[in-house]
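The primary structure of each chain is shown beneath.
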Amino acid sequence: MGRTLRLVVMASGRGSNFSAIADAIREGALDAKIAALICDRPKAAVIDRALTYGDIDIAVLTRKGFATRADYDRALAELAAGYDPDIIALAGFMRVLGPEFVGRFPGRVVNIHPALLPSFPGLDAQKQALEYGVKVSGCTVHFVDEGTDTGPIILQEAVPVLEGDDEDSLSARILEKEHSLYIKALRLIGEGRVGIEGRKTRVDEKRE
Ligand code: GRF
């Protein structure tokens, strides 16, 4: 059932979530096509990763040269829209997108965050969790609205914080879960099993 989900992935850095999505598609675990990677940093490692697949368009658009953030967001939205995506998947895109971007794709932009939202939004979520002293953290896939990590939650997975964890060890344990959770969320969306109801989602996981 469902249809091939047309994705634009937006990333700024390392790109492990990007690769997890691209690998899942290649292995037949996710019925999707990455129409393009959009990156805001010309030297990001994610670009080298995208090149290895051979069939993924790569577009780099930096903030430089745009007078305002709104102008930049409009240009990003125009660029993304040109690939005709069903869903725009943020995968470590290190900018908050304003209404000029998000308003153009209502209910179609998703993000992965390395904490159990609404705890620890924004930057350095794993560090925030360690400093707070929580015993359980995790990751969240959510729709993007105009706030920072505030949109309707699609899926979450818990990850224990262990005695002696530092930012690197906790981040690595969460990252492993991020990869599978993001793919599962995209699969559910592609199969039409995720609906938005106000600030909540309804997720039909019965046939997973
Ligand atoms: C991940 O931890 C993701 O949750 C956060 O940024 C990081 C990106 O990692 N939004 P990668 O570039 O996908 O490896």
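Details of the structure are given in the entry above.
Residues numbered from 1 in each chain as written. Predicted model: local features only at pLDDT ≥ 70, side-chain atom pairs only at ≥ 80, totals over all residues. Heavy atoms only, no water.

Remarks on unusual backbone geometry
When glycine is set aside, most residues are seen to have a negative phi, and most peptide bonds are trans.
For step 1, the next point in the chain: Following Leu117, the chain continues into Pro118 via a peptide bond in cis, with omega recorded as 10°.
For step 2, the next point in the chain: Mapped onto the elements of the fold, Pro118 is located in the loop between β5 (109–113) and α5 (125–132).
For step 3, the next point in the chain: Positive phi outside glycine occurs at Asp149, with the angle close to 60°.
For step 4, the next point in the chain: Of note, Asp149 is situated in the loop between β6 (136–143) and β7 (153–160). (Helix = DSSP H or I, 4+ residues; strand = E, 2+ residues; numbered from the N terminus.)

Some details on the nonpolar core
For step 1, the next point in the chain: If you look at the biggest cluster of nonpolar residues, it comprises 42 residues, and the most contacted ones within it are Phe18, Leu37, Val110, Ile154, Tyr182 and Leu186.
For step 2, the next point in the chain: The greatest single-element share of this core, amounting to nine residues, is contributed by helix α6 (residues 167–190).
For step 3, the next point in the chain: Leu37 has contacts with Val9, Ala11, Phe18, Val46, Ile47, Ala50, Ile56, Asp57, Ile58 and Ala59, leaving out every residue within four places of it along the chain.
For step 4, the next point in the chain: Of all hydrophobic cores here, the second largest spans 21 residues; its members include Leu61, Leu97, Phe105 and Val144. (Core = buried A, V, L, I, M, F, W, Y, C linked by side-chain atoms within 4.5 Å. Buried < 20%, exposed > 50% of the residue type's maximum accessible area, 1.4 Å probe, protein only. Contact = heavy atoms within 4.5 Å.)

Describing the environment of Leu116
For step 1, the next point in the chain: Its place among the elements puts Leu116 in the loop between β5 and α5.
For step 2, the next point in the chain: For the pair Leu116 and Asp48, spaced 68 residues apart in sequence, the C-alpha separation works out to 30 Å.

Comments concerning the environment of Leu162
For step 1, the next point in the chain: Inspection of the secondary structure puts Leu162 in the loop between β7 and α6.
For step 2, the next point in the chain: Classification of Leu162 by relative accessible area gives partly exposed; the value is 43%.
For step 3, the next point in the chain: Along the primary structure Leu162 and Glu27 are separated by 135 residues, whereas in three dimensions their C-alpha atoms are 33 Å apart.

Notes on the pattern of salt bridges
For step 1, the next point in the chain: Tallying each qualifying case throughout the model produces 12 salt bridges.
For step 2, the next point in the chain: Note that Arg74 is salt-bridged to Asp71, the shortest N-O span being 3.1 Å. In this pair, Arg74 and Asp71 are both assigned in helix α3 (residues 69–81), three residues apart and thus about one turn of the helix distant.
For step 3, the next point in the chain: On the basis of relative accessible area, Asp71 is assigned to the partly exposed category, the value being 30%.
For step 4, the next point in the chain: As a salt-bridge pair, Glu78 and Arg104 come within 2.8 Å of each other at their nearest N and O atoms. One end of the pair, Glu78, is in helix α3; the other, Arg104, is in the loop between α4 (99–102) and β5, with 26 residues separating them in the sequence.
For step 5, the next point in the chain: You can call Glu78 partly exposed: its relative accessible area is 49%. (Salt bridge = Lys/Arg side-chain N within 4 Å of Asp/Glu carboxyl O.)

Notes on the site of the ligand
For step 1, the next point in the chain: Near the ligand you find Arg14, Gly15, Ser16, Asn17, Gly92, Ile112, His113, Pro114 and Glu178, and these make up its full shell.
For step 2, the next point in the chain: A distance of 2.6 Å separates an oxygen atom of the ligand from a polar atom in the side chain of Arg14.
For step 3, the next point in the chain: Between Gly15 and the ligand, the recorded distance is 2.7 Å, taken from a backbone N or O atom to an oxygen atom.
For step 4, the next point in the chain: In isolation the ligand exposes 360 Å². Once the protein is present, 86% of that is buried.
For step 5, the next point in the chain: Going through the elements one at a time, α1 (16–26) and β5 are the ones with two or more residues in the shell around the ligand.
For step 6, the next point in the chain: Looking at side-chain class alone, the shell around the ligand contains two nonpolar, five polar and two charged residues. (Near = heavy atom within 4 Å. Polar contact = N/O pair within 3.5 Å; in protein donor to acceptor, adjacent residues only side chain to side chain. Areas by Shrake-Rupley, 256 points an atom, 1.4 Å probe, with all protein chains shown as cover. Nonpolar A, V, L, I, M, F, W, Y, C, P; charged D, E, K, R; others polar.)

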